[in-house]
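Residues per chain, in single letters:
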Amino acid sequence: MAIYLDYNATTPINSDVLECMIDVYKNNYGNANSRTHDFGANANKIVANSRKKVADLLNVKSDEVFFTSGATESNNIAIQGLIKYGKANNKKHIITSSIEHHSVLHTMKHLEEEGFSVDYVNPQSSGRIDYKEVLSLVREDTLLVSIMHVNNETGIIQPVKEIGEGLKDSNVFFHIDATQSAGKLVKEIQELSYDMLSLSAHKFSGPQGIGVLVLRKKRYTLPPVKGIMFGGEQEHKIRPGTLPVALIAGIGKAAEIALENFSEEMNSAIEIKKIVMNLINESGLKYRINGCEDYCIPTTINLCLEGVSSEALMVATKQYCGISNGSACTSQSYAPSFVLKAMGIPEDLINNSIRLSWGPNTDISELKEMLFNLLEIAKGLVF
Ligand code: PMP
């Protein structure tokens, strides 16, 4: 079987997380909002417990954690949820980057249709956006700055720390899409200054279909974000609907495990990256890394194997490695990566670019064998 090297798309679920969820499905099937019996009360306890575990991972308060179906929904609520406030207060300017995930970019397009004006900051060739440029764009009527922590395609860490510091004393809301850093850059996230933060459990060994929107309180008050769906009163109406208790137990368990193991896991990711780079160097293939390595998360590498079509390589090496050449959300289309394009990388090099990403389950001896096989095939594909 092929080795899975596409952790940025999704991760295999941790077996303790799965067991914890199965136990909830079997034994705690109550509705967490039923107040008339113990089935509801027990489910409610599980939700409260998980909320605390997620809050501990992020170093926030439990009542700042809101469960959603995933980062796509969290990003939508964070941005669309401010429409009413922005219109009422004549604050209709937003700053974001051109390399955000589509759940941010397409939501921004919607806000433009609603009369908001949006500035899209381009990355430098390093893959990083310039925080000074972001801060220089802030105006009197700026409502929101939304910048991702780690780019899903390149793994490049964005200067959200500097942006957060720069906006700290302003009345501009700062949203961070931390989907690719949550559970990994744990200490860094704990120290960030922001108003809203999005994440998905399935990017750090949790289940698919559950995520979190963090809303930080300022002087005991939440940001003026409104839910984007109508329904019950769950999650303070930020995200109505029956709580998926087993999924919530799963994200809680994944958060607990991440908090315990992140340091060890990041060290092993650094070792894996060294092994990957050694194999690529030994192959003799001509390559270039997309984005500046100094800013890259240890779990990802995006590189161009010169003269090797990424599409041909992926088809020819499927039996060895599960890799990708961009975000899973856009992989249905063959258009060249908009992220690499924004970094100024020429189209022929983009067409030769692949993304490898790994995690705590990656077996080193299997990796060595399978990646060696992939690189041998790549040599035969050089055009
Ligand atoms: N933001 C980023 C940076 C992502 O990588 C992803 C998932 N690829 C999302 C948001 C959306 O997450 P989900 O698909 O779990 O809603």
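Everything below is about the structure printed above this text.
Quick summary incoming for the structure in this document. Counting of residues starts from 1 at the beginning of each chain's written sequence and follows it residue by residue. Only residues with pLDDT of 70 or above have their local features reported here, since the model is predicted, and side-chain atom pairs are shown and tallied only from 80 upward, although totals for entire chains, interfaces and linings are computed over all residues. The basis for the side-chain values is all heavy atoms of the structure; hydrogens and waters are excluded.

### What to know about the overall build of the chain
Counted only if it meets this: Under the scheme used here, helices are H or I runs from DSSP no shorter than 4 residues and strands are E runs no shorter than 2 residues, and both carry numbers assigned from the N terminus. Each radius of gyration is computed over the set of C-alpha atoms, and the globule rule expresses the reference value as 2.2 Å times the number of residues to the power 0.38. Contacts are assigned to residue pairs with any non-hydrogen atoms lying within 4.5 Å of each other. Under the convention used here, Asp and Glu are negative, Lys and Arg are positive, and both His and the chain ends fall outside the count. Charged groups are reduced to one reference atom each: NZ for lysine, CZ for arginine, CG for aspartic acid, CD for glutamic acid.
Broken down by element type, the chain carries 13 helices and 12 strands. Since a compact globule built from 383 residues should have a radius of gyration of about 21 Å, the 21 Å found for the chain is in line with a globular shape. Counting only C-alpha atoms and orienting by the principal axes, one finds that the chain spans roughly 65 × 55 × 35 Å. For the chain, restricting intrachain contacts to residue pairs at least 6 apart in sequence, the fraction spanning at least 24 positions comes to 73%. Side-chain charges of the chain comprise 37 positive and 44 negative groups, with the mean position of each set lying 6 Å from the other.

### Concerning the packing of aromatic side chains
Heads up, the rule is: Classification of ring pairs rests on two measures: the distance between centres of Phe, Tyr or Trp rings, Trp counted by its six-membered ring, which must be within 6.5 Å, and the angle between planes, read as stacked under 30 degrees, edge-to-face over 60 and tilted in between. The rule is simple: take the accessible area with a 1.4 Å probe, protein chains only, and divide by the maximum for that residue type; under 20% is buried, over 50% is exposed, in between is partly exposed. Consider the ring centre and the ring normal. A charge sits over the ring if Lys NZ or Arg CZ is within 6 Å of that centre and within 35 degrees of that normal.
Per the counting criterion, the structure on display carries three aromatic pairs. Pairing tyrosine 4 with tyrosine 7 gives two aromatic rings, centres 5.4 Å apart and planes at 45 degrees, and the pair type is tilted. With relative accessibility at 33%, the residue tyrosine 4 sits in the partly exposed group. Plain terms: the ring middles of tyrosine 29 and phenylalanine 39 are 5.9 Å apart, the flat faces sit at 25 degrees to each other, and that makes the pair stacked. Of this pair, tyrosine 29 sits in the loop between helix 1 (15-27) and helix 2 (38-58) while phenylalanine 39 sits in helix 2, and the two are 10 residues apart along the sequence. With relative accessibility at 47%, the residue phenylalanine 39 sits in the partly exposed group. A cation over a ring is seen here: arginine 128 above tyrosine 295, with NZ or CZ 4.1 Å from the ring centre. Lying across the ring of tyrosine 194, arginine 216 places its NZ or CZ 5.7 Å from the centre.

### Digging into the pairing of strand 12 (residues 353-357)
Taken residue by residue, a regular strand's side chains alternate between the two faces of the sheet. Operational definition: The rule for pairing is simple: two strands pair if DSSP sees at least two bridges between them.
The element strand 12 is largely enclosed, with a buried count of five among its five residues. Taking every second residue as pointing to the same face, both faces of strand 12 are buried, with Ser353, Arg355 and Ser357 on one and Ile354 and Leu356 on the other. The sheet contact formed by strand 10 (residues 300-305) and strand 12 spans five bridges and is antiparallel. Across the sheet, the residue bridging to threonine 300 is serine 357, located in strand 12.

### Some points on the site of the ligand
Defined as follows: Each residue is tested against the molecule or strand, and it is near if at least one of its non-hydrogen atoms lies within 4 Å. A 3.5 Å cut-off defines polar contacts: any pair of N or O atoms within that distance qualifies, except that in protein one atom must be a possible hydrogen donor and the other a possible acceptor, and neighbouring residues in sequence count only when both atoms are side-chain atoms. Computed with a 1.4 Å probe, the accessible areas rest on the Shrake-Rupley method; for each residue, only the protein chains presented here act as cover.
Residues in contact with the ligand amount to 15 residues; listed here are only the nearest, Thr72, Asp177, Gln180, Ser200 and His202. At 2.7 Å from an oxygen atom of the ligand is found a side-chain nitrogen or oxygen belonging to threonine 72. A distance of 2.6 Å separates an oxygen atom of the ligand from a polar atom in the side chain of serine 200. For the ligand, the accessible surface in isolation is 390 Å², of which the surrounding protein chains cover 88%.

### Details of the sheet that holds strand 10
Backbone hydrogen bonds are what pair the strands of a sheet, in a parallel or an antiparallel way. Worth spelling out the cut-off: Where helices are involved, their axes are fitted lines through C-alpha atoms of the stretch in contact, as for all axes, and angles between N-to-C directions lie from 0 to 180°.
Read across the sheet, three strands follow the order 9-10-12 without closing on themselves; strand pairing throughout is antiparallel. At either margin of the open sheet sits one strand with a lone partner, and together these are strand 9 (287-289) and strand 12. Averaged over all neighbouring strand pairs, the angle between strand axes comes to 30 degrees, with direction disregarded. Two elements, strand 9 and strand 10, share three bridges in a ladder whose sense is antiparallel. The residue bridging tyrosine 287 from the neighbouring strand is leucine 305, located in strand 10.

### What about the pattern of salt bridges?
Formally: Any carboxyl oxygen of Asp or Glu within 4 Å of a side-chain nitrogen of Lys or Arg constitutes a salt bridge here.
Tallying each qualifying case throughout the model produces 17 salt bridges. Arginine 216 is paired through a salt bridge with glutamate 64; the nearest N and O atoms lie 3.2 Å apart. One end of the pair, arginine 216, is in the loop between strand 8 (211-215) and helix 9 (245-283); the other, glutamate 64, is in the loop between helix 2 and strand 2 (65-68), and 152 residues separate them in sequence. For arginine 216, a relative accessible area of 24% translates into the label partly exposed. On the basis of relative accessible area, glutamate 64 is assigned to the buried category, the value being 3%. Among the ionic pairs, glutamate 165 bridges to lysine 168, the shortest N-O distance being 3.6 Å. For glutamate 165, a relative accessible area of 39% translates into the label partly exposed.

### Let's talk about the nonpolar core
Selection rule: Put simply, buried Ala, Val, Leu, Ile, Met, Phe, Trp, Tyr and Cys residues joined by side-chain atoms within 4.5 Å make one nonpolar core. Each domain's extent is set by a domain assignment, obtained either automatically or from a database.
Counting residues in hydrophobic clusters, the biggest one holds 59 residues, and the most contacted among them are Phe67, Val145, Phe174, Leu197, Phe204 and Ile251. A per-element tally of this core places helix 9 first, with 11 residues. Taken domain by domain, the makeup of this core includes at least three residues from each of domain 1 (3-10 + 263-381) and domain 2 (15-256). The residues touching leucine 197, leaving out its near neighbours within four places in the chain, are Leu58, His175, Ile176, Ala178, Ile189, Val212, Leu213 and Val214. Counting 27 residues, the second-largest nonpolar core is a separate cluster that includes Leu5, Ile272, Leu303 and Leu374.

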